[in-house]
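Architecture at a glance
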Amino acid sequence: MRLSRYFLPLLKETPASAEIASHRYMLRAGMIKQHSAGIYSWLPLGFKVMKKIEQIVREEQNRAGAVEMLMPTIQGADLWQESGRYDDYGKEMLRITDRAGRELLYGPTNEEMLTDVFRTFVRSYKELPQLLYHIQWKFRDEVRPRFGVMRGREFLMKDAYSFDIDMDAAVVSYNKMFIAYLNTFARMGLKAIPMQADTGPIGGDLSHEFLILADTGESEVFCHADLVDMPAPGLDVDFANGDPNDLQSLVDERTALYARTDEMHEPSVFESEVPRSKRLSARGIEVGHIFCFGDKYSKAMGAKVMGPDGKEHFAQMGSYGVGVSRLVGGIIEASHDDAGIIWPKSVTPFGVGIINLRVGDDVCDKTCEDIYNQLCAAGVDPLYDDKKDRGGVKFSRMDLIGLPYQIVVGPRGLKDGIVEIKDRKTGERQNQSPEAAIAFITAQYADMSL
Ligand code: 5CA
């Protein structure tokens, strides 16, 4: 992409309403525009990052055996009346009436709707397990929308739902999602810690929240410090044919140590289980939440299947959410400095920024064009700053938008046949020939494994 043809409306001033780094940088870098409290347009740069995050979430859901579909944002009130949640959900639910006077709502989550799909089509245990997901906008009329996309009213969520014949099988589905979540967040450069969690309006007994540590996080968390650096399970977990006990061991390893959010925190247990030097109390951002709630919805809505014993059983269910739009802010909270955002390679909107310090100079223009074309061909997706601004403007703009690498092309270096590569995170600079710079950048994106 050539910057001269891109839509990147940067802000010079930091809006006073933005209290945390991610919100400030998302506004300044032209990633989002607010329309009402908690409702945003995703401008091209922000949209591109969100799509990359969405794709990682999708790939790891698919790897774990979940199947993608799409449900509508607008739901009928009748399903929620059946489950009993229509009144319980309270003011957080945006209720709408259509022209015929029918009660509709903008979905805050989809347990009821997928239970309805399930009961329409699935009759026998032979068709189980089912694990379905979609990535769709939700609306929750939050009391205090704040911190930009972190607590929005309209937000993008990946929500998956599992249906099993009994509780043992439901726990296998739960474990698959638990493991997939750790891999998902690790691919985004995040250290997410699973914590025992309160289930709130979704219900059930077994539940974990996945939190990334950040001073600006809304949740207070207490955990064993060793959990912070525990590696993700890895992309080679055999979800399809592996022994369920192996999945359970992976989960057990990561739930054996104390880790709870404030709602579940018990100071006496924390102090007796965790040695003083390992007690970590911090703040965190909830990026995912998984629930196993058995037959709460299947019973209320009559979603049952014929079991191997010839009797009818209510499906045992779980639901599994990832805050896709929240992750855009969460990743920035975890990775930025005073100059701006520092994107991890896996979610960066562009692979590299090419800065032409003298637009109009034949040699600079030609070198930049060559580098640009070759990096495009190599699939690195460069952003070429071909605008006629001063060098200082270009440097601070490129630092702000946070691409992992920059190639700086100027007349002075080119006299000696060199361009400069800057690593955004470390600030390290190296001089290379244009060919070597292309090869270096291409190599950085060749291995994207965990
Ligand atoms: N039905 C379940 C699982 S699918 C559910 O709705 N879970 S949830 O309420 O915990 O939401 C799932 C994830 O969505 C959260 O972990 C969080 O990352 C994200 N999320 C929730 N509310 C908001 C919000 N107001 N703004 C942005 N993201 C949110």
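Each remark here, short or long, concerns the structure printed above.
Everything in this summary refers to the structure shown in the same document.

Criteria and thresholds
- Residues numbered from 1 in each chain as written.
- Predicted model: local features only at pLDDT ≥ 70, side-chain atom pairs only at ≥ 80, totals over all residues.
- Heavy atoms only, no water.
- Pairing = 2+ DSSP bridges.
- Helix = DSSP H or I, 4+ residues; strand = E, 2+ residues; numbered from the N terminus.
- Axes fitted to C-alpha atoms, helices over the stretch in contact; angles between N-to-C directions.
- Expected span 1.5 Å × (residues − 1).
- Buried < 20%, exposed > 50% of the residue type's maximum accessible area, 1.4 Å probe, protein only.
- Polar contact = N/O pair within 3.5 Å; in protein donor to acceptor, adjacent residues only side chain to side chain.
- Near = heavy atom within 4 Å.
- Areas by Shrake-Rupley, 256 points an atom, 1.4 Å probe, with all protein chains shown as cover.
- Phe/Tyr/Trp six-rings, centres within 6.5 Å; stacked < 30°, edge-to-face > 60°.

Let's talk about the pairing of strand S6 (residues 103-106)
Pairing analysis gives 3 bridges linking strand S4 (residues 74-76) to S6, with the strands arranged antiparallel. Across the sheet, residue Gln75 finds its bridge partner in S6, namely Leu105. Bridge count between strand S5 (residues 94-97) and S6: 4 bridges; the pairing is antiparallel. Looking across to S6, one finds that Ile96 is bridged to Leu104. The loop that links S5 with its antiparallel partner S6 comprises 5 residues; one of these, Gly101, has a positive phi angle of about 85°.

Some words on the sheet that holds S6
Read from one edge to the other, the open sheet built from 3 strands follows the order S4-S6-S5, with strand pairing classed as antiparallel. Edge strands, defined here as strands with exactly one partner in the open sheet, are S4 and S5. Going from strand to strand, the sheet's axes swing by 35° on average, the running direction of each strand aside.

As for helix H6 (residues 167-187)
With 21 residues, H6 should reach 30 Å at 1.5 Å per residue; the first-to-last C-alpha distance of 30 Å fits that figure. Across the 21 residues of H6, 15 count as buried, placing the element largely inside the fold. Where H6 begins, the side chain of Asp166 points an oxygen toward the backbone nitrogen of Asp168, at a separation of 3.3 Å. Two residues or fewer after H6 comes Gly189, characterised by a positive phi angle close to 80°.

What to know about the site of the ligand
Residues in close proximity to the ligand total 22 residues, the closest being Thr109, Glu111, Arg140, Glu142 and Glu286. Gly152 is positioned such that a nitrogen or oxygen atom in its backbone is 2.8 Å from a nitrogen atom of the ligand. The separation between a nitrogen atom of the ligand and a polar side-chain atom of Arg326 is 3.5 Å. In the complex, the protein chains occlude 95% of the 600 Å² of accessible area that the ligand would expose alone. Every element with two or more residues in the shell around the ligand is listed here: strand S8 (154-164), strand S13 (279-294) and strand S16 (316-323). Ranked by residues supplied to the shell around the ligand, first place goes to S13 with 5 residues.

Considering the packing of aromatic side chains
In total, this model carries 15 aromatic pairs according to the counting rule given. Aromatic pair Tyr181 and Phe185: ring centres 5.9 Å apart, planes at 80°, arrangement edge-to-face. Residue Tyr181 and its partner Phe185 are located together in helix H6, separated by 4 residues, close to a single helical turn. Phe185 matches Tyr181 in its accessibility class, with the two residues each being buried. Ring geometry for Phe222 against Phe270: centres 5.9 Å apart, planes inclined by 75°, an arrangement best described as edge-to-face.

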